[in-house]
Amino acid sequence: TDVNPIVAVAPIDIPPFKKVMAANRAEIAVRIMRACTELNMGTVAIYGHEDRYSQHRWGADQSFLLEKEAAASPISAYLDIAQIIQVAKDSGVEAIHPGYGFLSESPEFAQACADNGITFIGPTIENLNIFADKTSAREAAIAAGVPVVPGSDGPITSAEDITEFVKGIGLPIIIKAAMGGGGKGMRVVRAMEDLVPSFESAASEALAAFGDGSVFVERFVDRPRHIEVQIIGDGTGNVVHLWERDCSIQRRHQKVIEMAPAWSLPMELREQLHDYATRLTSAAKYKNAGTVEFLIDSELRPYFIEVNPRIQVEHTVTEEVTGIDVVKTQMQIAAGKTLEELGLIQEDITVRGVAIQCRITTENPEKDFAPDTGTISVYRHSAGCGIRMDGCGYTGLAVTPYYDSMIVKYTARGATFKETVARMTRALQECKIRGVKTNIPFLLNVMTHPDFANGIVTTSFIDENPQLKQVSSASWNFATKEQTDMKSVLRVEKLMRYLANLAVNGHPEELGADASKIVPGKGDITKTFLPTVEPSTTSSGGMRKILLEKGPAGYAKAVREHKGLLITDTTWRDAHQSLLATRMRTKELERCAPYSNAALSKAFSMEMWGGATFDVAMRFLHECPW
């Protein structure tokens, strides 16, 4: 059969490792564990208390809670190197994949893995020392002959130092976290009075996100395109590129939409970027996957900005157009495979079609992408030809304010950019997430914007088009019926929630009498509908009285001597575990107890409390089960 050599990776008879830990959370942890499963490896997940209902926890073969001090932030659990290493050792983990963010660029974490005989699925410690620190990465780029943006030669740690430096190079400048990415610890400064406050907030954010508050400064390139080259090396100096991605659509320096390849770039510039990326990383004998990032100014001049020595959120678009599974390749290289053994030969690596990724976040575009929290009441995925979904959302998921707001990312692939845009637009229309605000309407606005359709946008695209964030009155070409249907659905959902609340909690007393319960001549029927239980119909004690008076032996004797069928009634237990589960509370059971006692006076026993009842009381009604 005809097989694309890129897809036909060398067969792996023996799994790279027996057991791998995903030292991360949510979407990327799920992605790592899926790759492990395909390579027939066991998986271990870690999770913080706030993540105890996260999908990545139950998708692993084993999962372990990370302890933290009560006053510590939820993120701190995922930065606790000693605890993560201990969990890995106790559970027999052979390798750790750090994902992106958290400890993914930490030389200390990689060193701790090495010290404990655990393989770090990522670059070498030497690579991390060079590239995780953006100032040393800049020095390496200069040494390799790669053009850089003018900026500080080393990290800046004080307000006095940054003020002195900026006086020398002038404004505007951009402050960046030295040890991390994802837009955290990044500030653009255009006026001197904003410099020190921006420095302090950037350093504080970097410290919280990456455990290191050092920053560096660069001259700010206005309205650039952001292009990055995906590379993979095997540590011998042999490095291949998997073409490039255009990540120019960003908000607050965080990518929102990415595409591969950057199809509108001139071929000469594209090849130049590929050469810069492989030259820089080959000189460093780079091992594993990484991304070399560039800014392209209005005159098509490229400037190196950083190397991300890790997997990236947007790796999916590269996988879709090259056919190469980047995460599985990471694991195989970490286990000692070379590029040749994996069939990764530069001349054979081509791209087919165009892929676009959209990150679905629980953010409100109309409030400058402020994160939203709440419980997802409806979660329905998109699917179909050319659509890939990577995510961790589900109906009933409680979205908390503690972590990144991305819950799913869609990757669309098509033969042309136009087809891919149409496919992504359709997928966004099909995706239904309710209960929290999402950025889906904003993404649809971008997909239908004429500048995006031309394929040439800059990092200022969102700021220059504030109407993209106006989603309440958006009028997409398909939208009239869509928005009308959505408003109707939301009205129905609100009504159902109101009725459900009434059914569980009753009519609020502070609103006065419930008019629906007032019957002429009878008043409020909720206060009078219970009949009086006559003393003659109450139970004399039944079997329970025998147990109390004669003890277990006498009770057993009475059961053996009983003539006839002994019945246990489970009406109330079954009611609680079915549709009545959230309609009836302890106070209602107390009210019906005398009537149940009378009606079942000759029964052997009555069961009214089960495990599911306990769960309902604790988790849904928030009552003490006892």
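Quick caveat, the model's predicted, so the values are computed rather than measured. Within every chain, residues take consecutive numbers counted from 1 along the sequence as written. The predicted nature of this model means local features are confined to residues of pLDDT at least 70 and side-chain atom pairs, given and counted, to a pLDDT of 80 or more, with totals for whole chains, interfaces and linings taken over all residues. Values reported for side chains reflect all heavy atoms of the structure, with hydrogen atoms and water molecules removed beforehand.

Caption draft 1: Spatial organisation of the overall build of the protein chain. The secondary structure listing takes helices from DSSP runs of H or I that are at least 4 residues long and strands from runs of E that are at least 2 residues long, numbered from the N terminus. The number of helices and strands found in the protein chain is 20 helices and 26 strands. Out of the 626 residues in the protein chain, the part that is buried amounts to 49%. Throughout, a residue-residue contact means that at least one pair of heavy atoms, one from each residue, lies within 4.5 Å. The long-range share in the protein chain, meaning contacts at least 24 apart out of those at least 6 apart in sequence, stands at 68%. For accessible areas, the Shrake-Rupley method is used with a probe of radius 1.4 Å. Any residue's cover is judged against the shown protein chains and nothing else. Accessible area for the protein chain stands at about 29,600 Å²; split by element, carbon and sulfur atoms hold 54% of it. The buried label goes to any residue with under 20% of its type's maximum accessible area, the exposed label to any with over 50%, and the partly exposed label to all in between, with areas taken from a 1.4 Å probe on protein chains only.

Caption draft 2: Broad picture of the sheet that holds strand β8 (residues 215–219). Whether two strands pair depends on DSSP finding at least two bridges between them. Here we have 3 strands laid out as an open sheet, ordered β7-β6-β8, and antiparallel in their pairing. Looking along the sheet, the strands with just one partner apiece sit at the ends: β7 (187–189) and β8. On average, adjacent strands in this sheet sit at an angle of 25 degrees to one another, irrespective of strand direction. Relative to β7, strand β6 (residues 173–177) runs antiparallel, the two sharing 3 bridges. Note that in β7 the partner of Ile 174 across the bridge is Val 188. Helix axes use the C-alpha atoms of the stretch in contact, all axes being lines fitted to C-alpha atoms, and the angles between their N-to-C directions lie in the range 0 to 180 degrees. Relative to β6, helix α8 (residues 195–210) is tilted by about 20 degrees, and along the sheet it contacts β6, β7 and β8.

Caption draft 3: Seen up close, the nonpolar core. Definition used in this section: a nonpolar core is a set of buried Ala, Val, Leu, Ile, Met, Phe, Trp, Tyr and Cys residues joined via side-chain atoms within 4.5 Å. Of all hydrophobic cores here, the largest spans 38 residues; its most connected members are Ile 257, Ile 356, Leu 428, Ile 433, Phe 442, Met 447 and Phe 452. Among the secondary structure elements, those contributing two or more residues to this core are β11 (254–260), β14 (354–361), β21 (406–414), α12 (417–430), α13 (440–447) and α15 (461–464). Among the elements that make up this core, the one with the highest residue count is α13 (6 residues). An automatic or database domain assignment supplies the residue ranges for each domain. The residues that make up this core include at least three from each of domain 2 (131–147 + 222–348) and domain 4 (354–469). With 34 residues, the next largest nonpolar core counts Ala 29, Tyr 100, Trp 243 and Ala 334 among its residues.

Caption draft 4: Expanded view of the packing of helix α1 (residues 26–38) against helix α11 (residues 326–334). Where α1 meets α11, the axes come as close as 9 Å, and the angle between the chain directions of the two elements is 65 degrees. Regarding α1 and α11, the two cross each other, and that crossing is right-handed. Contacts between α1 and α11 pair Arg 31, Ile 32, Ala 35, Cys 36 and Glu 38 from the former with Val 327, Lys 328 and Met 331 from the latter. When grouped by side-chain class, the residues that make up the contact of α1 with α11 number 5 nonpolar, no polar and 3 charged. When the near helix sits turned anticlockwise from the far one by under a right angle, the crossing is termed left-handed; a clockwise turn instead gives a right-handed crossing. Under the scheme applied here, ten amino acids are nonpolar (Ala, Val, Leu, Ile, Met, Phe, Trp, Tyr, Cys and Pro), four are charged (Asp, Glu, Lys and Arg), and all others, including Gly, are polar.

Caption draft 5: The arrangement of α1 in detail. The span you would expect from a helix comes to 1.5 Å times its residue count less one. In this model α1 runs 19 Å from its N-terminal to its C-terminal C-alpha over 13 residues, within 8% of the 18 Å that 1.5 Å per residue would give. Judged by how many residues are buried, α1 sits mostly within the fold: 10 of 13 residues are covered. Every buried residue belonging to α1 is among Ala 26, Glu 27, Ile 28, Ala 29, Val 30, Arg 31, Ile 32, Met 33, Ala 35 and Cys 36, and all of these are buried. Positive phi shows up at Asn 40, right after α1, with a value of about 65 degrees.

Caption draft 6: Structural view of unusual backbone geometry. Omega for the bond connecting Leu 171 with Pro 172 falls within 30 degrees of zero, at 0 degrees, which places this linkage in the cis form. Turning to its location among the elements, Pro 172 is positioned in the loop between α7 (159–169) and β6. Residues Ala 260 and Pro 261 are joined by a peptide bond in cis, for which omega reads -10 degrees. Inspection of the secondary structure puts Pro 261 in the loop between β11 and α9 (267–283). Although it is not a glycine, His 253 adopts a positive phi angle of roughly 65 degrees. Structurally, the position occupied by His 253 is in the loop between β10 (239–251) and β11. With a phi angle near 50 degrees, Lys 285 is a residue other than glycine that sits in the positive phi range.

Caption draft 7: Broad picture of the pattern of salt bridges. One speaks of a salt bridge when a side-chain nitrogen belonging to Lys or Arg is within 4 Å of a carboxyl oxygen belonging to Asp or Glu. The final tally for this structure, using the stated rule, is 34 salt bridges. Here Asp 51 makes a salt bridge to Arg 25, at a shortest N to O gap of 2.6 Å. Here Arg 25 lies in the loop between β1 (19–22) and α1 and Asp 51 lies in the loop between β2 (42–47) and α2 (55–58), a separation of 26 residues in the sequence. With respect to burial, Asp 51 and Arg 25 carry one shared label: buried. Put simply, Arg 31 and Asp 325 hold a salt bridge, and the shortest N to O gap is 2.9 Å.

Caption draft 8: Inspection of the packing of helix α3 (residues 81–90) against helix α4 (residues 107–115) at higher detail. Where α3 meets α4, the closest approach of the two axes is 10 Å, and the angle between their N-to-C directions is 30 degrees. Overall, the two elements α3 and α4 adopt an arrangement that is roughly parallel. Judged by the twist between their axes, the crossing of α3 over α4 is right-handed. On the side of α3, the interface is formed by Ile 81, Ile 84 and Ile 85, while α4 contributes Glu 108, Phe 109, Ala 112 and Cys 113. By residue class, the composition of the contact of α3 with α4 is 6 nonpolar, no polar and 1 charged. To sort the angles, those under 35 degrees are grouped as roughly parallel, those over 145 as roughly antiparallel, those from 65 to 115 as roughly perpendicular, and the leftovers as oblique.

Caption draft 9: Fine view of the sheet that holds β21. Taking strand neighbours across the sheet as the criterion, the 8 strands line up as β13-β12-β9-β10-β11-β14-β21-β19 in an open arrangement whose pairing is antiparallel. Lying at the two open borders of the sheet, with one neighbouring strand each, are β13 (302–308) and β19 (387–391). Each neighbouring strand pair of the sheet contributes to a mean axis angle of 25 degrees, computed without reference to strand direction. Taken together, the 5 bridges between β19 and β21 define a ladder with antiparallel strand orientation.

Caption draft 10: Examining the packing of aromatic side chains more closely. Within 6.5 Å between ring centres, the rings of Phe, Tyr and Trp (the latter by its six-membered ring) count as paired, and their orientation is classed by plane angle as stacked under 30 degrees, edge-to-face over 60, tilted in between. Scanning the entire structure with this criterion turns up 11 aromatic pairs. Measuring from centroid to centroid gives 5.1 Å for Tyr 78 and Phe 102, while their planes differ by 20 degrees, and the two rings are stacked. Placement of Tyr 78 in the loop between β3 (62–65) and α3 and of Phe 102 in the loop between β4 (95–97) and α4 is noted, with a sequence separation of 24 residues between them. For the pair Tyr 78 and Phe 102, one class covers both residues: buried. Through a chain of ring-to-ring contacts, the aromatic side chains of Tyr 78, Phe 102 and Tyr 403 assemble into a single cluster. Whether a charge sits over a ring comes down to the Lys NZ or Arg CZ being within 6 Å of the ring centre and within 35 degrees of the ring normal. Seen from the ring of Tyr 403, Arg 25 lies directly overhead, with NZ or CZ sitting 4.0 Å from the centre. Looking at Arg 251, its charged tip hangs above the ring of Phe 369, at a distance of 5.5 Å from the centre.

Caption draft 11: Examining the environment of Ile 324 more closely. Its place among the elements puts Ile 324 in the loop between α10 (315–322) and α11. Taking the relative accessible area as the measure of exposure, Ile 324 reaches 1% and is therefore buried. The spacing of Ile 324 and Leu 344 is 20 residues in sequence and 9.0 Å in space, taken between C-alpha atoms.

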